[in-house]
Each structure stands twice: as structure tokens, then as C-alpha cells.
Amino acid sequence: MRIEKCCPGYISNRKKISALWLLFYVVIAAGIFLAGYFLTHTRANVFTVLAVLLILPAAKRVVNLVVMLPKRSVSKERFHAVEKEAGKAVILTDYVFSSTEKIMHLDFVVIRDGNVMAVAATSKQDIEYMKKYFTDCVHRAASSYHVAFFGTDEQLIKRLAGLEGAEDEDGQKRDEKLAGHLRSFAV
């Protein structure tokens, strides 16, 4: 079952899928190499070249695993608590994104009424760098949006409860468009 980027369970699902594909590529490459060796009794053959070429997609899966391994998915209970209070807001969860220098992880990104509210994951991250980079990404796509970071889900829920719930259809379309832009940055 494929889980889309920024949906609940994405990180844990991505880890499993990457590990299975990595295992598949390694087993197939080893099988091709051994078949070529037993057929020709030498390593210098076309089968060895094919086996080495199969390692290239395996390397992509290794990189994916290295990026995702220290990250944790948001629990269903946490997601439902935020979803309940968010109303018609756009919710991105398990949001892992990168710059040229760092890989960053947000547990929640909630877009509603011209606000982008985020909760950073509880891992070792440069929070100040992440805030600046994420805010720049949002403002490049939608300069009128206000970006706020929270330390806990409870602070986010309290802020969501304080927002007015009267957003028009055009506002929801703008929120969806910004969410699509942010999804494009997700790993």
C-alpha cells in the first residue's frame, strides 16, 4: 500500500519500502553475478557488468534509508488530535525536507486562513536554520502567509482553536496551492 508524501505513516512506510527494494536489488545483482561466474568461470564477463549496474538503483535506496532512518512517523493519536481541531485546514505530516546543507523534519505543517503553522520533530535539528529556510520557502510561494513554529502539539492546537473559522473558498484554494508547493520540497 503506497502512502503519499506528507500523509500519516509516510516515514515508516518509506523505510519499509526502501529496505525491501534494496534487498531485492542486492539479491538480483548477486544472482546475476553468480550465474555469470558459474557459466563462464571468470568474473570478467557481461553478467558482472549487469550486476554492477543493478547496484546503482540500490544506492538510491540506501540514500533514502539513510535520510529516513533517524526520523519517526507521527502517531495516529497525535494526528487525529490535530486533525480534529484543524477543521478544513490543510495538514501535512511526516514532512521531511532538505536544503543543500541539512535534512529537516517537521511533525506537522497546518495551513489555514493565511497562516502556516508548524511543529518541529523532537530530534537533533538546527531549529533556527529550519525556521528561516522553511519561512523563506513559504514566502517565495505565498508572501502574504504568516509562518509560526510551535514546540508542542498542544501549542498548535491552542493556536488553531483561536483562529476564526470563516475562510472563503478562494482562501482554501490558495491554501491547497501552497500545500502542493510545500509537498514538492518533501523528500
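Look up a bit, the structure's there.
Every value quoted in this text rests on a predicted model; they were computed, and no experiment measured them.

Engineer: Tell me about the sheet that holds strand S2 (residues 103–112), residues and numbers included.
Structural biologist: The mixed open sheet is built from four strands, whose spatial order is S1-S2-S3-S4. Every other strand in the sheet has two partners, leaving strand S1 (90–98) and strand S4 (146–150) as the edge strands with one partner each. On average, adjacent strands in this sheet sit at an angle of 25° to one another, irrespective of strand direction. Judged from the eight bridges that link them, S1 and S2 form a sheet pairing that is antiparallel.

Engineer: So what about the environment of Asp175? Which residues, and what values?
Structural biologist: Residue position: Asp175 is located in helix H6 (residues 169–185). Expressed as a C-alpha distance, the spacing of Asp175 and Asp113, which sit 62 residues apart in the sequence, is 7.8 Å.

Engineer: Describe the nonpolar core, with residues and values.
Structural biologist: As a rule of thumb, nonpolar side chains are buried together in soluble globular proteins. The biggest cluster of nonpolar side chains holds 25 residues, and the ones touching the most others in it are Tyr95, Leu106, Val109, Ile111, Val116, Phe134 and Leu182. Element by element, the count of residues in this core is highest for helix H4 (residues 127–141), at five residues. In this view, Leu106 contacts Asp94, Tyr95, Phe97, Ala118, Val119, Ala120, Ala121, Met130, Phe134 and Phe149; residues no more than four positions away in its chain are not counted. Counting residues in hydrophobic clusters, the runner-up holds 15 residues, among them Val74, Phe79, Met117 and Phe150.

Engineer: A description of the pattern of salt bridges should follow, citing residues and the corresponding values.
Structural biologist: Scanning the entire structure with this criterion turns up seven salt bridges. A salt bridge links Asp107 to Arg78; the shortest N-O distance between them is 2.9 Å. With Asp107 in strand S2 and Arg78 in helix H3 (residues 76–86), the pair connects residues that are 29 residues apart, well separated along the chain. The closest approach of N and O atoms between Arg78 and Asp153, which form a salt bridge, is 2.5 Å. Highlighted residues: Arg78 in helix H3 and Asp153 in helix H5 (residues 153–162), separated in sequence by 75 residues. Residue classification places Asp153 among the buried residues on the basis of a relative accessible area of 10%. Each of the salt bridges in this network shares a partner with another, and the network as a whole consists of Arg78, Asp107 and Asp153.

Rules used throughout
Residues numbered from 1 in each chain as written. Predicted model: local features only at pLDDT ≥ 70, side-chain atom pairs only at ≥ 80, totals over all residues. Heavy atoms only, no water. Pairing = 2+ DSSP bridges. Helix = DSSP H or I, 4+ residues; strand = E, 2+ residues; numbered from the N terminus. Axes fitted to C-alpha atoms, helices over the stretch in contact; angles between N-to-C directions. Core = buried A, V, L, I, M, F, W, Y, C linked by side-chain atoms within 4.5 Å. Buried < 20%, exposed > 50% of the residue type's maximum accessible area, 1.4 Å probe, protein only. Contact = heavy atoms within 4.5 Å. Salt bridge = Lys/Arg side-chain N within 4 Å of Asp/Glu carboxyl O.

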